[in-house]
Amino acid sequence: MSTATATRATNRSPRHGTPDSHDFATRPYDLVKEFVVAFVVVALLTVILAAVFSSPDEKAITMADWAAKAPNDVVATAAGELAGTTTSASYGPPYNTAGDGQSLGPLKLQKWAGVRIPVDSANDLVLTPLSKVTGNADLTTALGTWNGATADQQNKWASAYSDALSKAPDGDPKQVADGDYGPVPTISAAFLTLAQTGGLEGALTSSGNFYGIDQTRSLLLLSDGAYIEDQARARQLGGDQWGMMNETGNYPGQPWMWLYTFWYQVPPFSTSDNADALVWGLMMLLTLGLLLLPFIPGLRSIPRWIPVHRIIWRDWYREHPRRV
């Protein structure tokens, strides 16, 4: 009896044995054709999606471009830097101590970080680049007059000229009303000339850096003017618009940033001076919630209530039905 049982077990084929690959049916397969078809399909999809979602690769805005297309804005910005009324002059950390910067409730985030990139807007963005200009006697005299005046007198000159520019038709320096502006008109005009020649770009990017790759001062100066804001808004990239970008002109840019940029469009973020800090704090909170999702009662049960995973893994669930 034992011998017979052993014999039957030996002759029986394994229940879960591995089939011989030669037993499967075969058919011709053209690997080159498969590759060509896949390449053509992917290429067409790339072209179509690029046409729908991409944007032109526009050139970076330079100081020369700014001076050529909006010269009055350059002059007004220079006067504003000297008067200390521009955004960078009153921004606060990390550039100066003129303001507290962004805060999150009682947390003074920027103030705590301190001044890490010191920038004196009047000197670093206007006066220092102009001090390197040679062969301009009027500018040399104007800079001497400016440097020899008291801080209060400098502010009076620059503020008066800045106000006069804002009242002139189209901000045209040639149509500014007469007034006591000291050397500010001469300094501002020389600043425009330096920007038009392309010299301002190099003077700003090479300041304090041998390789000339630090764009901080150039970006601060551009953002203090109205030109770059006008260019951004024309492409739906303003702070209260829905456009997103990676480089100037990209639309819609990175769609994965929609959750971050979305909050800038709705109150209270859209009306707050601390929008950056508030949105950052909210995103940190949402990220923390995502990390702790498996431990949060209710939220961790969402996959059971909305079983999208069962649609994705429908073959597996079909072969492994639920046990009651």
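Residues numbered from 1 in each chain as written. Predicted model: local features only at pLDDT ≥ 70, side-chain atom pairs only at ≥ 80, totals over all residues. Heavy atoms only, no water.

Looking at the overall build of the chain
Of regular secondary structure, the chain possesses 17 helices and zero strands. Here the chain, with 324 residues, has 29% of them falling under the buried criterion. Sequence-distant contacts in the chain: of pairs separated by 6 or more residues, those separated by 24 or more amount to 52%. Per element, the accessible surface of the chain, about 22000 Å² overall, is 61% carbon and sulfur. (Helix = DSSP H or I, 4+ residues; strand = E, 2+ residues; numbered from the N terminus. Buried < 20%, exposed > 50% of the residue type's maximum accessible area, 1.4 Å probe, protein only. Contact = heavy atoms within 4.5 Å. Areas by Shrake-Rupley, 256 points an atom, 1.4 Å probe, with all protein chains shown as cover.)

With respect to the layout of surface pockets
Of the voids in this model, the second largest pocket is the one considered here, and its volume is about 180 Å³. Around the second largest pocket, the lining is made up of 15 residues, and of these Glu-81, Leu-82, Gly-84, Asp-120 and Ala-122 lie nearest the centre. Broken down by element, the lining of the second largest pocket gets its largest block of residues, four residues, from helix α6 (residues 121-131). For the lining of the second largest pocket, the per-class residue count stands at seven nonpolar, six polar and two charged. (1 Å grid on protein atoms, 1.4 Å probe; cavity = no way out; pocket = protein on both sides within 12 Å on 5 of 7 lines; lining within 4 Å. Points joined across faces, edges and corners; volume = space filled by probe spheres on them. Nonpolar A, V, L, I, M, F, W, Y, C, P; charged D, E, K, R; others polar.)

Describing the side chain of Ser-218
Here Ser-218 shows up in helix α11 (residues 216-224). Classification of Ser-218 as buried rests on a relative accessible area of 2%. Among residues more than four places away in sequence, those in contact with Ser-218 are Met-63, Glu-201, Leu-204 and Thr-205.

Comments concerning the packing of α6 against helix α9 (residues 184-197)
At their nearest, the axes of α6 and α9 sit 10 Å apart, and the two run at 75 degrees to each other. In this view, α6 runs roughly perpendicular relative to α9, as classed from their interaxial angle. Residues Leu-125, Val-126, Leu-127, Pro-129 and Leu-130 of α6 form the contact with α9, whose own contacting residues are Ile-187, Ala-190, Phe-191 and Leu-194. Of the residues belonging to the contact of α6 with α9, the class tally is nine nonpolar, no polar and no charged. (Axes fitted to C-alpha atoms, helices over the stretch in contact; angles between N-to-C directions. Parallel < 35°, antiparallel > 145°, perpendicular 65-115°, else oblique.)

With respect to the nonpolar core
Leu-82, Leu-130 and Ile-187 are the most contacted members of the largest nonpolar core, which has 40 residues in total. The element contributing the most residues to this core is α9, with seven residues. Other than its neighbours up to four places away in sequence, Leu-82 contacts Ala-122, Val-126, Leu-127, Trp-146, Ala-158, Val-184 and Ile-187. Counting seven residues, the second-largest nonpolar core is a separate cluster that includes Trp-263, Ala-275, Val-279 and Leu-282. (Core = buried A, V, L, I, M, F, W, Y, C linked by side-chain atoms within 4.5 Å.)

Digging into the confidence of the model for the chain
In this model, the chain carries an average pLDDT of 85, and 86% of its residues clear a pLDDT of 70 or more. Summarising per-element confidence for the chain, the mean pLDDT is lowest in helix α1 (residues 2-11) (44) and highest in helix α4 (residues 71-83) (97). Low pLDDT, under 50, characterises residues 248-252; the stretch is placed with 22 contacts to residues that sit more than four places away or in other chains. (pLDDT = per-residue confidence, 0-100.)

Regarding the packing of aromatic side chains
Under the defined criterion, the tally for this structure stands at seven aromatic pairs. Ring centres of Phe-35 and Phe-39 lie 6.3 Å apart, and the angle between their planes is 25 degrees; this geometry places the pair in the stacked category. A residue pair is termed a helical-turn pair when its members lie 3 or 4 positions apart in one helix, as Phe-35 and Phe-39 do in helix α2 (residues 31-53) at four residues. Both residues of the pair, Phe-35 and Phe-39, count as exposed. Both rings, one in Trp-316 and one in Tyr-317, keep their centres 5.2 Å apart while their planes meet at 85 degrees; by these two values the pair is edge-to-face. Given the relative accessible area of 24%, Tyr-317 is considered partly exposed. Against the face of Tyr-317 rests Arg-310, its NZ or CZ located 3.9 Å from the ring centre. (Phe/Tyr/Trp six-rings, centres within 6.5 Å; stacked < 30°, edge-to-face > 60°. Lys NZ or Arg CZ within 6 Å of the ring centre and 35° of its normal.)

Describing α9
Note on helix geometry: an α-helix contains 3.6 residues per turn, so any two residues three or four positions apart are oriented the same way. Between its first and last C-alpha, α9 extends 20 Å over 14 residues, near the 20 Å set by a 1.5 Å rise per residue. All buried positions along α9 are accounted for by Val-184, Ile-187, Ser-188, Ala-190, Phe-191, Leu-192, Leu-194 and Ala-195. (Expected span 1.5 Å × (residues − 1).)

Describing the pattern of salt bridges
Per the counting criterion, the structure on display carries four salt bridges. Between Arg-233 and Glu-229 there is a salt bridge; the shortest N-O distance is 3.7 Å. Of the two residues, Arg-233 and Glu-229 are both situated in helix α12 (residues 227-234); the distance of four residues between them amounts to about one turn of the helix. The exposure class assigned to Arg-233 is partly exposed, which follows from its relative accessible area of 33%. (Salt bridge = Lys/Arg side-chain N within 4 Å of Asp/Glu carboxyl O.)

Observations regarding the packing of α4 against α6
The N-to-C vectors of α4 and α6 enclose an angle of 140 degrees; their axes lie 8 Å apart at closest approach. As judged from the angle between their axes, α4 and α6 are oblique. Both α4 and α6 take part in a crossing whose hand is left-handed. Residues Ala-78, Glu-81 and Leu-82 of α4 lie in contact with α6, whose contacting residues are Ser-121, Ala-122, Leu-125, Val-126 and Leu-127. Broken down by class, the residue content of the contact of α4 with α6 amounts to six nonpolar, one polar and one charged. (Left-handed = near helix turned anticlockwise from the far one by under 90°.)

What to know about α4
Helix length check: α4, at 13 residues, gives a terminal C-alpha distance of 19 Å against a target of 18 Å (1.5 Å per residue), a fit within 8%. When you tally the buried positions in α4, you get ten out of 13 residues, the bulk of the element. Turning to α4, its buried residues number three or more, namely Asp-73, Val-74, Val-75, Thr-77, Ala-78, Ala-79, Gly-80, Glu-81, Leu-82 and Ala-83. Taken from the residues just after α4, Gly-84 is the one with a positive phi, measuring 75 degrees.

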